[in-house]
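Survey of secondary and tertiary structure
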2 protein chains.
Amino acid sequence: MNAVAGDGVRPDLAALVVPLGRALMAAEQPVLAEHGLTMWGYAVLSHLDERPLRTQTALAEAIHADKTRIIAVLDDLESRGLLNRRPDPQDRRARLLSLTPEGRRLRDAVRAAVQNGEERLLGRLPVADREAFLRSLITLYEISQGRPAR
Amino acid sequence: MNAVAGDGVRPDLAALVVPLGRALMAAEQPVLAEHGLTMWGYAVLSHLDERPLRTQTALAEAIHADKTRIIAVLDDLESRGLLNRRPDPQDRRARLLSLTPEGRRLRDAVRAAVQNGEERLLGRLPVADREAFLRSLITLYEISQGRPAR
DNA sequence: TATTGTTATACTCTATAACTATA
DNA sequence: TATAGTTATAGAGTATAACAATA
């Protein structure tokens, strides 16, 4: 038996959450690759929601990336017509970021495929636990990101 | 509001789990540093349970590390008298790994401190959700590591 | 002078390949 | 010849520092 099975000592949360996260990311990879997206590219598309963002720095912070890291990602997505990056007329240092219709379509398709895979995993939880798990996960996520739980 | 708050689209599991894992690890750091442990050092101590392991390669696999990655870690822990690493008399290529009493003490102390912090976080969940969350997390972890759920 | 975006550089972490010793 | 452990090297990913444009 391994330490997780339960010999009185519960495993560290981090020792459960981190490997689970790695596995989820690994499961995403083939789906992303099919659509020619890297993880960072998908993160950008996912975060660039309906309304545009005003600076690249803000976007970088939102997805926990360095501002220099996402530049090549934005270059790629822009060149593929998935997002627009135009100088803000109000402040021409900043770049207004927004998804193109194709970008939105791709994001939705990939998200659906990713979540479809995740649903299969979640489906193995007892229905009773499942909702509580998702709710708790969201709560802990919010707290961990410094946002107060409701 | 952000995408997590709930505008009909649930966030990807990975987008919740991975950042949560990062935050949990970050929260562990100060505790580990206090005891002069790196994350890998703690992973080794945590996994080296009561009974010894027969090879370093097995240990490396168990903690999802490359066999070459843990060598410096083992060197350090051994030099500090926290673990024993002696050639297996049966097959002198292999190294039998076991914790010393001090190693076990340190592991227990650090684990207690780490889990104490985690309990504070878990304490912010409704009691009703909390057990379901832990149970689900362990189940999903096991599945993600290729072990069949019960 | 401060800020946005960018480029070039350096650094950290990790895996690969090559070596020693045992079998 | 195959395997366990080790060392040295190369590679990927990341952040830091320096720069150009704009305010």
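Keep in mind it's a predicted model, so treat the numbers as computed, not measured.

As for the overall build of chain A
In terms of helices and strands, chain A carries six helices and two strands. Each helix and strand of chain A, placed in order from N terminus to C terminus, yields the pattern α-α-α-α-β-β-α-α. Reported as C-alpha extents along the three principal axes, the dimensions of chain A are approximately 60 × 35 × 25 Å. Nonlocal contacts in chain A, meaning residues at least 24 apart in sequence, comprise 49% of its contacts between residues at least 6 apart. Roughly 8,000 Å² of accessible area belongs to chain A as shown, and the carbon and sulfur atoms make up 54% of that amount.

Here's the deal with the side chain of Gln-115 of chain A
Structurally, Gln-115 of chain A can be placed in helix H5 (residues 101–122). Residue class for Gln-115 of chain A comes out buried when judged on its relative accessible area of 13%.

Observations regarding the pairing of strand S1 (residues 83–88) of chain B
As paired elements, S1 of chain B and strand S2 (residues 91–99) of chain B share six bridges and run antiparallel to each other. Paired with Leu-83 of chain B across the strands is Leu-99 of chain B, a residue of S2 of chain B.

Notes on the relation of the copies chain B and chain A
Expressed as a screw transformation, the operator carrying chain B onto chain A has a rotation angle of 180° and an axial translation of 0.0 Å, and the superposed copies differ by an RMSD of 0.0 Å. In short, the pair behaves as if placed about a two-fold rotation axis. If distances are taken from each C-alpha of chain B to the rotation axis, the shortest is found for Phe-133 of chain B, at 2.3 Å. Looking at the interface residues of chain B, 100% of them are also at the interface in chain A, so both copies use one shared face.

Describing the protein's contact with DNA strand C
Around DNA strand C lies a shell of 17 residues, among which Gln-56 and Arg-95 of chain A together with Arg-69, Arg-92 and Arg-93 of chain B are the nearest. Within 4 Å of the protein, atoms of DNA strand C come from sugar and phosphate in 64% of cases. Lys-67 of chain A is positioned such that a nitrogen or oxygen atom in its side chain is 3.4 Å from a base nitrogen of DNA strand C. The side chain of Arg-85 of chain A places a nitrogen or oxygen atom 3.1 Å from a phosphate oxygen of DNA strand C.

Structural notes on the packing of helix H6 (residues 127–144) of chain A against helix H6 (residues 127–144) of chain B
Angle between the axes and distance between the axes are the two parameters that describe a pair of packed helices. Across the interface, H6 of chain A lies against H6 of chain B with an axial gap of 8 Å and an inter-helix angle of 95°. In terms of their interaxial angle, H6 of chain A and H6 of chain B are classed as roughly perpendicular. For the pair H6 of chain A and H6 of chain B, contact is made by Asp-129, Ala-132, Phe-133, Arg-135, Ser-136, Leu-137 and Leu-140 of chain A and by Asp-129, Ala-132, Phe-133, Arg-135, Ser-136, Leu-137 and Leu-140 of chain B, respectively.

Overview of the nonpolar core
Counting 30 residues, the largest nonpolar core has Phe-133 and Leu-137 of chain A together with Phe-133 and Leu-137 of chain B as the members making the most contacts within it. Dropping the residues within four chain positions of it, Phe-133 of chain B is found in contact with Phe-133, Ser-136, Leu-137 and Leu-140 of chain A together with Leu-122 and Leu-125 of chain B.

Section: helix H4 (residues 70–79) of chain A
All names here are of chain A. Where H4 is concerned, the buried positions are Ile-70, Val-73, Leu-74 and Leu-77. The buried residues of H4 occupy an angular sector of 95° when the element is viewed end-on, so they sit on one face. The exposed set on the far side of H4, more than 90 degrees from its buried face, consists of Ala-72 and Ser-79. Positive backbone phi, at 75°, marks Gly-81, one or two positions downstream of H4.

Concerning the pattern of salt bridges
Tallied over the full model, the rule gives 20 salt bridges over all chains. With a closest N to O distance of 2.4 Å, Arg-130 of chain A and Glu-119 of chain A form a salt bridge. With Arg-130 of chain A in helix H6 and Glu-119 of chain A in helix H5, this pair connects stretches of sequence that are eleven residues apart. Residue classification places Glu-119 of chain A among the partly exposed positions, given a relative accessible area of 31%. For the salt bridge of Arg-80 of chain B with Asp-76 of chain B, the shortest nitrogen-to-oxygen distance reads 3.1 Å. Using a relative accessible area of 35% as the deciding quantity, one classes Asp-76 of chain B as partly exposed. Taken together, the shared-partner salt bridges in this structure form one network comprising Arg-10 of chain A together with Glu-118, Glu-119 and Arg-130 of chain B.

Section: the packing of helix H2 (residues 39–47) of chain A against H5 of chain A
Residue and element names in this part refer to chain A. In the contact formed by H2 and H5, the axes pass within 10 Å of each other and the chain directions differ by 110°. Relative to H5, H2 is oriented roughly perpendicular. Relative to H5, the crossing made by H2 is left-handed. Residues Tyr-42, Leu-45 and Ser-46 of H2 pack against Gly-103, Leu-106, Arg-107, Val-110, Arg-111 and Val-114 of H5. In the contact of H2 with H5, the residues fall into five nonpolar, two polar and two charged.

Conventions and cut-offs
- Residues numbered from 1 in each chain as written.
- Chains lettered and ligands numbered in written order.
- Predicted model: local features only at pLDDT ≥ 70, side-chain atom pairs only at ≥ 80, totals over all residues.
- Heavy atoms only, no water.
- Helix = DSSP H or I, 4+ residues; strand = E, 2+ residues; numbered from the N terminus.
- Contact = heavy atoms within 4.5 Å.
- Areas by Shrake-Rupley, 256 points an atom, 1.4 Å probe, with all protein chains shown as cover.
- Buried < 20%, exposed > 50% of the residue type's maximum accessible area, 1.4 Å probe, protein only.
- Pairing = 2+ DSSP bridges.
- Least-squares fit on C-alpha atoms with pLDDT ≥ 70 in both.
- Near = heavy atom within 4 Å.
- Polar contact = N/O pair within 3.5 Å; in protein donor to acceptor, adjacent residues only side chain to side chain.
- Axes fitted to C-alpha atoms, helices over the stretch in contact; angles between N-to-C directions.
- Parallel < 35°, antiparallel > 145°, perpendicular 65-115°, else oblique.
- Core = buried A, V, L, I, M, F, W, Y, C linked by side-chain atoms within 4.5 Å.
- Arc of directions from axis to C-beta.
- Salt bridge = Lys/Arg side-chain N within 4 Å of Asp/Glu carboxyl O.
- Left-handed = near helix turned anticlockwise from the far one by under 90°.
- Nonpolar A, V, L, I, M, F, W, Y, C, P; charged D, E, K, R; others polar.

These values are about where atoms sit, not about what they do.
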